[in-house]
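Structural overview
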Amino acid sequence: MFATEIYQERRRKLVQQINDGLILLLGNSDSPFNSADNCYRFRQDSSFLYFCGLDQPELAILLDTDSGEEILFGRQQSLNDVIWSGLQPSLQSQAERVGLSAANTIDNLEDVLTSATTAGRTVHYLPSCRADNKNTLGRLLRKNIAAVDKDVSPALIKAVVTLRSIKGKEEIAELDTAADLGYQLHTTAMVMAKEGIYEWEIAGELEAMAIRAGRMLSFPPIVTTHGETLHNHQRGNQLRNGDLLLVDCGVESPLHYASDHTRTTSVGGKFSSQQRDIYQIVLACMMRSRELIRPGIPYRDVHLEACRTLVKGLYALGLMQGEIDQAVADGAHALFMPHGLGHQLGLDVHDMEDLGEDYVGYDDQTQRSTQFGLSGLRLGRELQENFVLTVEPGIYFIPKLIQQWEEESRHAEFINYTRVAEYLDFGGIRLEDDLLVTKGGNRLLGRPIPLQIDEIEKRVVTS
Ligand SMILES: [Mn+2]
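Within each chain, residues carry numbers counting from 1 in the order of the written sequence. Local features in a predicted model are, by the rule used here, given only for residues with pLDDT of at least 70; side-chain atom pairs are given and counted only at 80 or more, and totals for whole chains, interfaces and linings are based on all residues.

This part covers the overall build of the chain. A tally of regular secondary structure across the chain gives 17 helices and 15 strands. Taking 23 Å as the expected radius of gyration for a compact globule of 463 residues, we find that the chain reaches 24 Å, a close match to that expectation. In the chain, buried positions account for 43% of the 463 residues. We call two residues in contact if the C-beta atoms placed from their backbones are at most 7 Å apart. If you take every contact in the chain between residues at least 6 apart in sequence, the share linking residues at least 24 apart comes to 73%. Strands here mean DSSP runs of E at least two residues long; helices mean DSSP runs of H or I at least four residues long; both are numbered from the N terminus. C-alpha atoms define the radius of gyration in this analysis, and the globule rule sets the expected value at 2.2 Å times the number of residues to the power 0.38. Buried residues are those with 20 or more other C-beta atoms within 10 Å of their own C-beta, exposed residues have 12 or fewer, and partly exposed residues lie in between; C-beta atoms are placed from the backbone.

Quick look at the structure:
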C-alpha cells in the first residue's frame, strides 16, 4: 500500500471537487465461480483502491463533504471467519492505516444512507460494470436497478477521472514495475514462438510468470496465430514455421497497476518479405506516434497521423492509392486498422472505462466520431503531462470485412482490392507500448521490449 498521506490527499482533492452531500465508494465483493464458497480470484474495484488502497472484499467508504467525516464500512470477523480464513486486521485498524476517521459495520450503511437521503442530502456514487455491485447499490439506496444506472453522479465520475488521469510519482513507479514484468513475459513468448508449440502453452506460461511473481495478469492474454481477430481468445492452434504469432498481454504491479504490450513474431524467427513489409509500416506508425505525443496534443490527432503513416506505407505496397489525407478523412484505412491508437492505462488496463469511455477519453472540446474505425478510438482528448497511455497501431487483413467492402466497392478509389486479395491469409500485426506523457514529450514505461525485426528474430532463433 502507498503511504497513508497519499490516500488522504486523494480524498481531500475529491471532496474539494464535489463539495456537496455524501460520496459513497463501494468496494467489490467476491464473485462466485460455481458456488458461493468457490469464487474467482478477488480483484478490488480500481476507484476504491485509488482512494483507500484496501484490498479486501465487502468494504465501502462514505465521505461526508460537509463534516469532513470519512467512514470505512465493513464486516467484523466472526469466529467462523477466523477459523476458515484466518485472523484479519480489525476494521478500525484498517481504517487507521489509510487515514479514515471512523469504522462502522456495513450492516448499518443502508440506514446511514437512508437518513441522509431522507434529510434531502445527495449521495454521489459511481457506475459499476458488476451486476452484484448494482444490486448492492440498489439495496443500499432503495432504488431499482434502472434507477441505480440512471442516478450515477456525473460530477463524481468527472472528478474521479480528473484525478486518476494524472499519475503521481508513486503510481508511475508501479506502472514501470508492471511494464518491467511485461518485458519478461513478452521476451519469454518470443523464445517460445517455435514450430509445434500450442498457443495455450504460451498463454499458460505468461499466466504462470505473473502468478509466480505474486501478481496477476491485467487481462486474459491474446496469444494467437490469427491476429486479424482483434481480441482472439481461442488458443487451440499449433504453431507452424512462418506463422505470425500475435501476443497482447499485460500484468499488474503489486498494487494493481497494469501493463499492456503487444508484439508480433514470426514463428521460427524468420519474417517473410511480405510480413517484413507490413511489420515495418506498423512500426513506422508507432515511431511517428511517439514523435508527436506530448502535453497539449489531442490524441485523436496522433491517431490520425498514425493512420496517414499507415496509408503512406500501404501506398508503397500498392494496396492503397489516391490522395492520402482524403483517404484518412474518409476512413478508407479502417479496412486495415478498424480500431483506435490507444487508451489510458493505470489501475485498469483500459483505465477507468467502467466509469464510461466517453468521460475518460473525450470532453467538451473533443467529441467521439461515429465513423467506422475512428469511432473505436477510446482516447481522443488533449493529452496532459503525467497521462499514461498505450500506443497500439496494427494492420489486419480480415477476410470477411474485405469481402464485404469489395462487394460494396467501398472506398474503391483508395483501395486496390486486386492487390489486397494477395494478403487474404496474411493475418494481422499489432505492436503496443506503454508511454508516460512528460513535460517535453513522452517516455517508455518499463524495460524496452524488442521492437525491431532483427532483434525479435534473434530472440526466437538463438534461444
Ligand atoms: Mn491495449
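Take the environment of leucine 49 next. As for its position among the elements, leucine 49 is in helix H2 (residues 46-52). Setting aside chain neighbours within four positions, we find leucine 49 in contact with Gln44, Asp55, His256 and Leu347.

Below, the discussion takes up helix H8 (residues 154-165). By this rule, a helix spans an expected 1.5 Å times one less than how many residues it contains. Here H8 contains 12 residues, and its C-alpha end-to-end distance of 16 Å stays within 8% of the 16 Å for a straight helix at 1.5 Å per residue. Taken together, the buried positions of H8 are occupied by Leu156, Ile157, Ala159, Val160, Arg164 and Ser165. The elements touched by buried residues of H8 are helix H1 (4-18), strand S1 (22-26), H2, strand S7 (123-125) and helix H14 (357-361).

Here we take up unusual backbone geometry. Even without a glycine there, the phi angle at histidine 256 is positive, about 75°. Tracing the chain through its elements places histidine 256 in the loop between strand S9 (244-249) and strand S10 (261-266). Residue asparagine 386 is not a glycine yet carries a positive backbone phi of 75°. The residue asparagine 386 is located in the loop between H14 and strand S11 (388-391) in this model.

Turning our attention to the environment of leucine 314. With respect to the helices and strands, the residue leucine 314 is situated in helix H12 (residues 299-316). Take leucine 314: there are 27 C-beta atoms within 10 Å of it, and that puts it in the buried class. Put simply, leucine 314 and glutamine 94 are 220 residues apart on the chain and 57 Å apart in space, counted from C-alpha to C-alpha.

All right, on to the domain arrangement of the chain then. Domain boundaries assigned for the chain yield domain 1 (4-165) and domain 2 (169-461). Between domain 1 and domain 2, the residue contacts involve 15 residues of the former and 15 residues of the latter. Those elements that provide at least two residues to the side of domain 1 that touches domain 2 are H2 and H8. A per-element tally of the side of domain 1 that touches domain 2 places H8 first, with six residues. As a working rule, the residues Ala, Val, Leu, Ile, Met, Phe, Trp, Tyr, Cys and Pro are called nonpolar, Asp, Glu, Lys and Arg charged, and the rest polar, with Gly in that last group. Residue composition of the side of domain 1 that touches domain 2, grouped by class: nine nonpolar, three polar and three charged. A domain assignment, automatic or from a database, supplies the domain bounds used here.

Joined through C-beta atoms within 7 Å, a set of buried Ala, Val, Leu, Ile, Met, Phe, Trp, Tyr and Cys residues constitutes a nonpolar core. Judged by nonpolar contacts, the single largest core of 118 residues is most densely connected at Leu24, Ala60, Ile61, Val282, Leu310 and Ile395. In terms of residues, this core owes the most to one element, helix H9 (residues 169-192), which gives eight residues. Both domains that meet at this core, namely domain 1 (4-165) and domain 2 (169-461), each give it at least three residues. Residues in contact with leucine 310, not counting those within four places in the same chain, are Ile281, Cys285, His333, Phe336, Met337, Pro393 and Ile395.

This part is about the sheet that holds strand S14 (residues 433-437). In this description, strands pair whenever DSSP reports at least two bridges between them. Pairing is antiparallel across the open sheet formed by three strands, whose spatial order is S11-S14-S15. The open sheet has two edge strands, S11 and strand S15 (442-444), and neither has a second partner. Strand-to-strand twist in this sheet, taken as the mean axis angle between neighbours without regard to direction, amounts to 35°. As paired elements, S11 and S14 share four bridges and run antiparallel to each other. Counterpart to valine 388 in the pairing with S14 is leucine 436. A fitted line through C-alpha atoms serves as each axis, taken over the contacting stretch for helices, and the angle formed by two N-to-C directions is quoted from 0 to 180°.

Right, let's get into the packing of H9 against helix H17 (residues 453-461). Between H9 and H17, the least distance of the axes is 7 Å, while the angle of their chain directions is 65°. By crossing handedness, the relation of H9 to H17 is classed as right-handed. Contacts between H9 and H17 involve Thr187, Met190 and Val191 on the former and, on the latter, Ile456, Arg459 and Val460. Per-class residue counts for the contact of H9 with H17 are four nonpolar, one polar and one charged. It is the rotation of the near helix from the far one that decides the hand of a crossing: anticlockwise by less than a right angle makes it left-handed, clockwise makes it right-handed.

Glancing now at the pairing of S10. Burial analysis of S10 places six of its six residues in the buried class, the great majority of the element. The side-chain alternation of S10 yields two buried faces, one formed by His261, Arg263 and Thr265 and the other by Thr262, Thr264 and Ser266. Examined bridge by bridge, S9 and S10 share six bridges and lie antiparallel to one another. Within the sheet, the bridge partner assigned to aspartate 248 lies in S10 and is threonine 262.

Here we come to the sheet that holds strand S5 (residues 70-74). Across the sheet, which stays open at both edges, the five strands sit in the order S6-S5-S4-S1-S7 with mixed pairing between neighbours. Only two strands of the sheet have a single neighbouring strand rather than two, namely strand S6 (102-105) and S7. Strand-to-strand twist across the sheet, computed as the mean angle between neighbouring axes with direction ignored, equals 25°. Alignment of S1 against S7, held across three bridges, turns out to be parallel. The residue of S7 that forms the bridge with leucine 24 is tyrosine 125.

The next thing to look at is the packing of helix H11 (residues 273-292) against H12. Direction vectors running N to C along H11 and H12 enclose 150°, while the axes themselves pass 9 Å from each other. Between H11 and H12, the crossing angle belongs to the class labelled roughly antiparallel. Here H11 runs over H12; the crossing is right-handed. Seen from H11, the contacting residues are Ile281, Ala284, Cys285, Arg288, Ser289 and Leu292; seen from H12, they are Val302, Glu305, Ala306, Thr309, Leu310, Gly313 and Leu314. Residue classes in the contact of H11 with H12 are distributed as eight nonpolar, three polar and two charged. Angle categories: roughly parallel below 35 degrees, roughly antiparallel above 145, roughly perpendicular from 65 to 115, and oblique for all the rest.

Moving on, we get to the environment of histidine 339. Its place among the elements puts histidine 339 in the loop between helix H13 (324-330) and H14. As for histidine 339 and leucine 206, which are separated by 133 residues in sequence, their C-alpha atoms are 25 Å apart. Excluding residues within four positions of it along the chain, histidine 339 makes contact with Leu230 and Gly376.

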